[in-house]
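Now for the letters of each chain:
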Amino acid sequence: MCGIFGIVTRSERPLGEILLEAGRRLSYRGYDSVGCATLNSDGIIDLRKDVGKIDEVGKRLNFSQMRGNRGIVQLRWATFGAPSQQNAQPHLDSDGDLVGAHNGNVVNNVELREQFIAEGMTVRSSNDGESCVHAVERYLDREHDMLSAVRCAYQDLEGDYAFVIGSLGDGHLYAVKKGSGLAVGLGDDFSCVSSDLPSILPLTRRILRVYDGEIVILNAGGAEIRRVEDGSLIERHAETITESMEAVQKGGYAHFMLKEIHEQAVVSGELLHWLEGAQALAPILERIQKARHLYLIGCGTSYHACLSGAVYLGNLARRAAIPVLAPQFIAQYAPALSPRDVGIFVSQSGETKDVLNAIEAAHRSGMNIYGLVNVIGSTLTQASERWLPLVCGYEISVPATKTFTNQVITFLYLAYRLANRSTQPLFDLPRLIQQTIQYSDGQVEQLAVELAQCNDLYCLGYGMTYPIALEGALKLKEITYAHCEGMLSTEFKHGPLAAVTEGYPVIFVATQRDIPLLVSGINEVTCRGGKAIAIGPQDSRLRANAHQLLTLPPCDDALSALLAVLPLQLLSYHLSVQRGFDPDFPRNLSKTLTVD
Ligand code: M6R
């Protein structure tokens, strides 16, 4: 949901390439528009920005030639103000001697804009990021110094955001955090700040974490963190990040999504090994066991993992769980929560605003808050009492793939442990995942050619495959822009069957135990001319009744259900490419949704 990066270096240098590379590594957060600003010692701010993706805009506006000793790059995902050159960030203040950019949302920006205009400032856009710059300008005009002006601006700007700003009047960059991610990188002759680590780690591994209500003052020789409240200095030691950066390279694959699909065999194995040795698990399991109500909470793909979790916990461990979308958790359950309840909050990014709002509601009830999260250090890890990592490394592509698989595996593992079953069969998953990808990729690629012109599809599942069908449908609509609805297979005859005409594609996802039921559903479609595509075990009934069968390797139903997501991920990927889209960066979307 927008990405910012700012850097201060000891001497003036070509900063354009550094900003370009940092921007590329943040582009999963927003790609409607992009802008770069450099501040140089001659007292000039060079600001270049426009609508489009970073490589195209960067080339057109020659970002690589920009020089300075301070620089800012911003990647935009539009919320306030349509994608346009004027609404692109960074923004200047009225006189053009202050430049800044934000990520997140300043929710009172409309009122603020009116105030700024009334106070005689020049407002050029309808984007809320510009409010951050004028909010600082307002206090500089009242003779505050930069630190004090930024602190006062923070009080005026409502919402969840982070911003970075620099003035020609001094040699620093200032950044604040209020509800949106922010981290600082420390080098020998520079310091930098960013919404996320992938843009920092190629430059330095020394990282300072920043928390809400803090201001960072960046210098070439280091960074100072102060409290917004009273300006006092905070002592914080840098940590060294050892994580591999391979994840942020495509590694020979055409897209990050394809690479991340293929990584699932490896990351599932790493997760299982982590879980097997995790001390943190025992108290969580004990508490889950005793909970009055167990809620599984997430959004989008993470919510589908919650659905899978509830099916596994119910089926295997006889532990009832309530899977619920984060905003609905507040609307439906907040008044009924009690300290005897447990909530597992599931999120790849750990920054999804809908999820963080749900955590706030949960906090008020006194219930236990556990996290299942990929990004370590994210707000979710800070807001939960205990959390389990997904051990996936960076997931760059906007469509979630490997994190979904590891979320589901975690729930499966918890269910096995609660059921006192041996977890050994789960250790077969990496091999089964590898095999499924190998078997299905070619077949699916061919199917994508056949389906390339289809603008309507259904994806149906039952029991353990119901959440998988929903996830497959989400993936398909997210990156192919076709309408694809996921549904419980038995519901199809209650209405949607009416849409079926000659050649209408309906995908059925089956486990062994549900084949008879699915076969009925398949025939209801095929006898009306529809095209039935089945994903399931090698089974003569599926093969005889469906037009096409994508087979899964023989294994237990619980594992087989999970494997079924792989052909669906691959189908979405190939279909997206067939239809001429970029699966990594679907239009209108962003990887991290830090707004309501
Ligand atoms: O970071 P989160 O897991 O909290 O994100 C939740 C959803 O925004 C996310 O899963 C989204 O649905 C994916 N892009 C789907 O592929």
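The coordinates are above.
Here, residues in each chain are numbered from 1, in the same order as that chain's written sequence. Residues qualify for local features only when their pLDDT is at least 70, as the model is predicted, and side-chain atom pairs are given and counted only at 80 or more; totals for whole chains, interfaces and linings, by contrast, use all residues. Side-chain numbers here rest on the full set of heavy atoms in the structure, without hydrogens or water.

1. Overview of a negative patch on the surface
Nonpolar side chains (Val, Leu, Ile, Met, Phe, Trp, Tyr) are joined into patches within 5 Å and like charges within 9 Å, using only residues with over 30% relative accessible area and no salt bridge. Method for areas: the Shrake-Rupley scheme with a 1.4 Å probe, in which residue coverage is limited to the protein chains shown. When a carboxyl oxygen of Asp or Glu lies within 4 Å of a side-chain nitrogen of Lys or Arg, that pair is called a salt bridge. When charges are counted, Lys and Arg contribute as positive and Asp and Glu as negative, whereas His and the chain ends are disregarded. By convention, the charge on Lys lies at NZ, on Arg at CZ, on Asp at CG and on Glu at CD. On the surface, a cluster of negative charge is made up of Asp-95, Asp-97, Asp-141 and Glu-143. Helix and strand labels come from DSSP, where a helix needs a run of H or I of at least four residues and a strand needs a run of E of at least two; each type is numbered from the N terminus. Looking at the element boundaries, Glu-143 is found in the loop between helix H4 (129–140) and helix H5 (146–156). Taking the relative accessible area as the measure of exposure, Glu-143 reaches 73% and is therefore exposed. The buried label applies to any residue whose accessible area, calculated with a 1.4 Å probe on protein chains only, is under 20% of its type's maximum; exposed applies above 50%, and partly exposed to all values in between.

2. Considering the side chain of Ser-308
Mapped onto the elements, Ser-308 comes out in helix H9 (residues 300–317). What makes two residues a contact is simply this: any of their non-hydrogen atoms within 4.5 Å. Discounting residues that sit within four places of it in the chain, Ser-308 has contacts with Val-408, Pro-467 and Ile-468.

3. Overview of the sheet that holds strand S4 (residues 67–76)
Taking strand neighbours across the sheet as the criterion, the 8 strands line up as S3-S2-S4-S1-S10-S9-S11-S15 in an open arrangement whose pairing is antiparallel. Single-partner strands in this sheet number two, and they are strand S3 (44–51) and strand S15 (239–240). Of the pairings in the sheet, the one linking strand S11 (residues 206–209) to S15 comprises 2 bridges and is antiparallel in character. Its bridge partner being in S15, Ile-207 is matched across the sheet by Glu-239. A pair of strands is treated as paired once DSSP finds two or more bridges between them.

4. Points about the layout of surface pockets
Cavities and pockets are found on a 1 Å grid laid over the protein atoms alone: a cavity is a set of points where a 1.4 Å probe fits but cannot escape, a pocket is an open set with protein on both sides within 12 Å along at least five of seven lines, and a lining residue has an atom within 4 Å of such a point. Grid points are joined across faces, edges and corners, and a volume is the space filled by probe spheres set on the points. Approximately 1,000 Å³ is the volume attributed to the largest pocket. Around the largest pocket, the lining is made up of 50 residues, and of these Glu-243, Asn-374, Val-375, Gly-393 and Tyr-394 lie nearest the centre. Every element with two or more residues in the lining of the largest pocket is listed here: helix H6 (256–262), helix H7 (264–277) and helix H12 (379–383). Here the lining of the largest pocket takes 4 residues from H7, the largest share from any one element. Polarity classes work like this: nonpolar for Ala, Val, Leu, Ile, Met, Phe, Trp, Tyr, Cys and Pro, charged for Asp, Glu, Lys and Arg, and polar for all others, with Gly in that last group. Class assignment for the residues of the lining of the largest pocket results in 21 nonpolar, 15 polar and 14 charged. In this structure, the second largest pocket encloses a volume near 530 Å³. What lines the second largest pocket is a set of 25 residues, among which Cys-299, Gly-300, Thr-301, Lys-591 and Leu-593 lie closest to the centre. The class makeup of the residues in the lining of the second largest pocket is 10 nonpolar, 10 polar and 5 charged. Note: domain ranges come from an automatic or database domain assignment. When residues of the lining of the second largest pocket are assigned to domains, at least three fall in each of domain 2 (253–421) and domain 3 (436–596).

5. Quick notes on the pairing of strand S2 (residues 33–40)
Burial analysis of S2 places 8 of its 8 residues in the buried class, which makes it a mostly covered element. Where S2 lies against S3, 8 bridges are found, and the strand directions are antiparallel. Bridge assignment links Ala-37 to a residue of S3, and that residue is Leu-47. The antiparallel hairpin formed by S2 and S3 contains 3 residues in its connecting segment, where Gly-43 sits at a positive phi of about 75°. Bridge count for S2 against S4 is 7 bridges, and the pairing is antiparallel. Considered in S4, the bridge of Ser-33 is made with Arg-76.

6. Topic: the site of the ligand
Near, as used in this document, describes a residue that has one of its heavy atoms within 4 Å of the molecule or strand being considered. As a structural note, the neighbourhood of the ligand is formed by 15 residues, with Ser-302, Ser-347, Ser-349, Thr-352 and Glu-478 the closest of them. In the environment of the ligand, an oxygen atom lies 2.6 Å from a nitrogen or oxygen atom belonging to the side chain of Ser-347. Polar contacts, as counted here, are pairs of nitrogen or oxygen atoms within 3.5 Å of one another; within protein the pair requires one atom able to donate a hydrogen and one able to accept it, and residues that are adjacent in sequence qualify only if both atoms are side-chain atoms. Within the contact set of the ligand, a nitrogen atom lies 3.1 Å away from a backbone nitrogen or oxygen of Val-398. Coverage of the ligand by the protein chains reaches 92% of its 410 Å² of free accessible surface. Split into classes, the residues belonging to the shell around the ligand amount to 6 nonpolar, 7 polar and 2 charged. Counting the residues that make up the shell around the ligand, at least three belong to each of domain 2 (253–421) and domain 3 (436–596).

7. Focus: unusual backbone geometry
Here the bond from Gln-89 into Pro-90 is cis, since omega is 0°, no more than 30 degrees from zero. Mapped onto the fold, Pro-90 is located in the loop between S4 and strand S5 (91–92). Unlike most non-glycine residues, Val-391 shows phi in positive territory, near 55°. By the secondary structure assignment, Val-391 is in the loop between strand S20 (386–389) and helix H13 (402–418). On the basis of relative accessibility, which here comes to 25%, the residue Val-391 falls in the partly exposed class.

Worth remembering: the numbers are spatial, not functional.
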